[in-house]
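A structural walkthrough
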Amino acid sequence: MADFYAGKKEYFPGIGKIKYEGPKSGNALAFKYYDPEKTVGKKKMKDHLRFAIAYWHSFCADGTDPFGSVTHPHPWVTDAETPMEAAEHRMDAAFEFFTKLGANFYCFHDRDMAPEGDSPGESEKNLFTMVARAKKLQKATGVKLLWGTANLFSNPRYMNGAATNPEFGVLAIAAGQVKSAIDATIELGGQGYTFWGGREGYMSLLNTDLKREKDHIGRFLGLARDYARKQGFKGAFYIEPKPMEPTKHQYDYDVETVGLFLKTYGLEKDFRVNIEANHAELAGHDFFHELETAAALGLFGSVDANRGDFITGWDTDQFPFSYYETALAMYAILKAGGFTTGGLNFDAKIRRNSVDPSDLFLAHIGGMDAFAVGLEIANRVIKDGVIPGFVKKRYASFGSGDGAKYEKGQLSFADLAKIGGVKYGKAGVTSGKQEYLENVFNQYLLGL
Ligand code: XLS
Ligand code: NI
Ligand code: NI
């Protein structure tokens with residue numbers, strides 16, 4: 001199969017395989033901290049981090065913003081005569097990028113991979129032509145599919161939502177699209193299937209039957225799951241929370257909201273969350289909060305690794321950069337047991353004025369290094385045990401005696417009230433030691 005890949009046009013000439021050169025390297029196109037084969041704790045870095053590349057941002061987005069036109073004229077688009085030819089070239093460029101960078105996974109929407117046709121049948125045909133090509137390229141390169149998804153937001157028909165659209169016909173068309181995207185994901189051995197809420201939300205409550213819309217999407221997801229399981233899909237389903245944008249209010253607001261939604265519609269066994277750092281910030285949380293909440297609800301699944309901008313406050317999808325954020329995120333992820341089906345998908349895009357062909361590499365190298373540093377720090381925090389040990393001790397009164405009875409459900413409310421007044425009159429004035437713990441965390445940051 002290597003032949004299939006050999007001899008293809010090179011889309012990133014002059015850039016070879018990105019190697020680990022260590023923290024002192026002055027080579028911008030080398031990893032300073034991400035050393036894929038290095039063992040951290042019990043696993044290699046590459047198996048902890050499971051980096052994935054987002055097809056849409058890296059190979060479809062062209063620098064367009066609401067105020068300006070294309071600044072990234074991709075050669076795979078400009079040199080192609082038809083949309084299908086562009087799709088083929090784009091895919092070759094994508095796999096060249098994955099392998100040069102050393103990312104072991106990718107994620108895609110149906111419409112990133114193949115152009116929409118004039119009818120649902122033609123769109124499906126286009127998709128499966130491209131899936132056949134992707135299958136060969138996966139085999140030739142060893143790159144795997146982390147998750148697939150359907151774009152249920154770009155086509156004008158989805159202006160009022162897809163599974164929450166007030167018109168049944170749109171919901172049914174969306175089902176056809178999701179069915180094909182699930183089939184494609186299965187065909188490519190995808191380890192997950194993601195539902196990000198696109199335009200599932202409202203712009204105005206004056207025209208919205210909120211209860212009905214939630215019931216409709218609840219049923220839709222259940223049916224999609226049943227279909228996928230029947231086709232033999234063993235992977236995880238993810239819901240990706242986001243509080244707003246493009247709608248005023250997205251139903252999958254944050255992890256906590258999604259948790260209740262999943263329970264309400266009987267989806268909690270098959271679905272987990274795909275947490276995006278920038279979406280956490282939009283919801284008024286931070287990345288760490290969303291990860292810890294997911295772990296607490298037993299819903300931790302996968303991550304869209306990016307960051308927002310605290311000043312602008314919208315979904316800027318920038319590449320991760322802050323060691324504090326990646327360290328806290330990796331601390332939460334390691335505590336949750338690490339990734340199984342999930343991984344770190346760079347749902348991030350280079351800036352409109354990042355016009356050098358190497359910028360896409362530099363962005364990913366920086367993001368991968370930032371998470372490698374985060375992993376090392378988190379591993380130190382856990383190994384050393386001071387912070388986790390402090391937390392354990394903080395709850396020690398629930399470990400034995402009356403506290404343990406309480407946790408086991410052996411005390412009534414009247415029992416509690418009785419012993420509270422008699423035995424525990426002095427409880428409560430204990431330092432939370434926040435500043436101490438922050439100082440300790442800082443020490444790990446510098447590897448001390
Ligand atoms: C948009 C979302 C989207 C999903 C995939 O804000 O992050 O990119 O990850 O549909
Ligand atoms: Ni995302
Ligand atoms: Ni996003």
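Just so we're clear, the structure is a prediction, and the values are computed from it rather than from any experiment. (Residues numbered from 1 in each chain as written. Chains lettered and ligands numbered in written order. Predicted model: local features only at pLDDT ≥ 70, side-chain atom pairs only at ≥ 80, totals over all residues. Heavy atoms only, no water.)

With respect to the overall build of the protein chain
For the protein chain, the helix and strand inventory stands at 18 helices and 14 strands. Since a compact globule built from 448 residues should have a radius of gyration of about 22 Å, the 24 Å found for the protein chain is in line with a globular shape. The C-alpha extent of the protein chain, read off along each of the three principal axes, is 85 × 60 × 45 Å. Taken as a whole, the protein chain presents about 22,000 Å² of accessible surface, with 56% of it coming from carbon and sulfur. Averaging the positions of the 53 positive and the 56 negative side-chain charges in the protein chain gives two centres separated by 8 Å. (Helix = DSSP H or I, 4+ residues; strand = E, 2+ residues; numbered from the N terminus. Rg over C-alpha atoms; globule rule 2.2 N^0.38 Å. Areas by Shrake-Rupley, 256 points an atom, 1.4 Å probe, with all protein chains shown as cover. Lys, Arg positive; Asp, Glu negative; His and termini not counted. Charge placed at Lys NZ, Arg CZ, Asp CG, Glu CD.)

Brief notes about the coordination of the nickel ion (ligand 3)
Distances from the nickel ion (ligand 3) to its protein donors, Glu276 (OE), His279 (NE2) and Asp315 (OD), fall within 2.1 to 2.6 Å. Mapping the donors of the nickel ion (ligand 3) onto the primary sequence gives the spacing E-x2-H-x35-D. A spacing of 3.9 Å is found between the nickel ion (ligand 3) and the nickel ion (ligand 2), which share Glu276 as a donor. Of this pair, Glu276 sits in strand E12 (residues 271–276) while Asp315 sits in the loop between strand E13 (300–304) and helix H13 (323–335), and the two are 39 residues apart along the sequence. With relative accessibility at 2%, the residue Glu276 sits in the buried group. (Donors = N, O, S within 2.8 Å, 3.2 Å for Na, K, Ca; no water. Buried < 20%, exposed > 50% of the residue type's maximum accessible area, 1.4 Å probe, protein only.)

Examining the packing of aromatic side chains
Tallied over the entire structure, the rule returns 30 aromatic pairs. With centroids separated by 5.0 Å and ring planes inclined at 75°, the aromatic side chains of Phe153 and Trp196 adopt a geometry described as edge-to-face. Placement of Phe153 in the loop between strand E7 (144–149) and helix H8 (168–187) and of Trp196 in strand E8 (residues 192–196) is noted, with a sequence separation of 43 residues between them. Judged by relative accessible area, which is 23%, Trp196 ranks as partly exposed. An aromatic cluster is defined as three or more aromatic residues linked by ring pairs; in this entry it consists of Tyr11, Phe12, Tyr55, Phe59, Trp76, Phe95, Phe97, Phe98, Tyr106, Phe108 and Phe361. (Phe/Tyr/Trp six-rings, centres within 6.5 Å; stacked < 30°, edge-to-face > 60°.)

Some thoughts on the packing of helix H5 (residues 83–101) against helix H14 (residues 359–384)
Packing of H5 against H14 brings their axes to within 11 Å, and their N-to-C directions diverge by 45°. Between H5 and H14, the crossing angle belongs to the class labelled oblique. The crossing of H5 and H14 is right-handed. Contacts from Phe97, Lys100 and Leu101 in H5 reach Leu360, Phe361, His364, Ile365 and Met368 in H14. In terms of residue class, the contact of H5 with H14 is built from six nonpolar, one polar and one charged. (Axes fitted to C-alpha atoms, helices over the stretch in contact; angles between N-to-C directions. Parallel < 35°, antiparallel > 145°, perpendicular 65-115°, else oblique. Left-handed = near helix turned anticlockwise from the far one by under 90°. Contact = heavy atoms within 4.5 Å. Nonpolar A, V, L, I, M, F, W, Y, C, P; charged D, E, K, R; others polar.)

Thoughts on the pattern of salt bridges
One pass over the full model with this rule turns up 20 salt bridges. With a shortest N-O distance of 3.6 Å, Glu116 and Arg157 are connected by a salt bridge. Of this pair, Glu116 sits in the loop between helix H6 (110–113) and helix H7 (120–141) while Arg157 sits in the loop between E7 and H8, and the two are 41 residues apart along the sequence. Arg157 sits in the partly exposed class, given a relative accessible area of 29%. Through salt bridges that share partners, Asp110, Arg111, Glu116 and Arg157 make up one connected network. (Salt bridge = Lys/Arg side-chain N within 4 Å of Asp/Glu carboxyl O.)

Things to note about the site of ligand 1
Looking at ligand 1, the residues that line it are Trp56, His109, Trp196, Glu240, Lys242, Glu276, His279, Asp304, Asp315 and Asp347. Within the side chain of Glu240, a nitrogen or oxygen atom sits 2.6 Å from an oxygen atom of ligand 1. In this structure, Glu276 approaches ligand 1 through a side-chain N or O atom, which is 2.7 Å from an oxygen atom. About the coverage of ligand 1: the protein hides 94% of its 290 Å² of free accessible area. Residues belonging to the shell around ligand 1 are distributed by class as follows: two nonpolar, two polar and six charged. (Near = heavy atom within 4 Å. Polar contact = N/O pair within 3.5 Å; in protein donor to acceptor, adjacent residues only side chain to side chain.)

Here's the deal with H13
When the terminal C-alpha atoms of H13 are compared, their 18 Å separation across 13 residues agrees well with the 18 Å that a helix rising 1.5 Å per residue should span. Sitting at the amino-terminal end of H13 is Ser322, which places a side-chain oxygen 3.2 Å from the backbone nitrogen of Tyr324. Following H13 by one or two positions, Gly337 adopts a phi angle in the positive range, close to 100°. (Expected span 1.5 Å × (residues − 1).)

Here's the deal with the coordination of the nickel ion (ligand 2)
Bound to the nickel ion (ligand 2) are the protein donor atoms Glu240 (OE), Glu276 (OE), Asp304 (OD) and Asp347 (OD), situated 2.0 to 2.1 Å from the metal. Given six donor atoms and angles of 81 to 175° at the metal, the environment of the nickel ion (ligand 2) is assigned as octahedral. All donors of the nickel ion (ligand 2) come from a single chain, and their spacing in sequence reads E-x35-E-x27-D-x42-D. (Tetrahedral: all angles 85-135°; square planar, octahedral: opposite > 155°, others 65-115°.)

Some details on the environment of Phe271
Position of Phe271 among the secondary structure elements: in strand E12. Of the residues examined, Phe271 reaches a relative accessible area of 0% and is grouped as buried. Distance from Phe271 to Leu188, taken between C-alpha atoms, is 20 Å for residues 83 residues apart in sequence.

So, a nonpolar patch on the surface
On the surface, Val391, Tyr395, Phe398 and Tyr406 cluster together to form a nonpolar patch covering roughly 390 Å² of accessible area. Note on placement: Tyr406 falls in helix H16 (residues 401–407). (Patch = residues over 30% accessible without salt bridge, like charges linked within 9 Å, V, L, I, M, F, W, Y side chains within 5 Å.)

What to know about the pairing of E8
Each regular strand carries side chains that alternate between the two faces of the sheet. Of all five residues in E8, four are buried, a share of seventy percent or more. Strand direction decides the pairing type here: E8 and strand E10 (residues 236–240), joined by five bridges, are parallel. Its bridge partner being in E10, Thr194 is matched across the sheet by Tyr238. (Pairing = 2+ DSSP bridges.)

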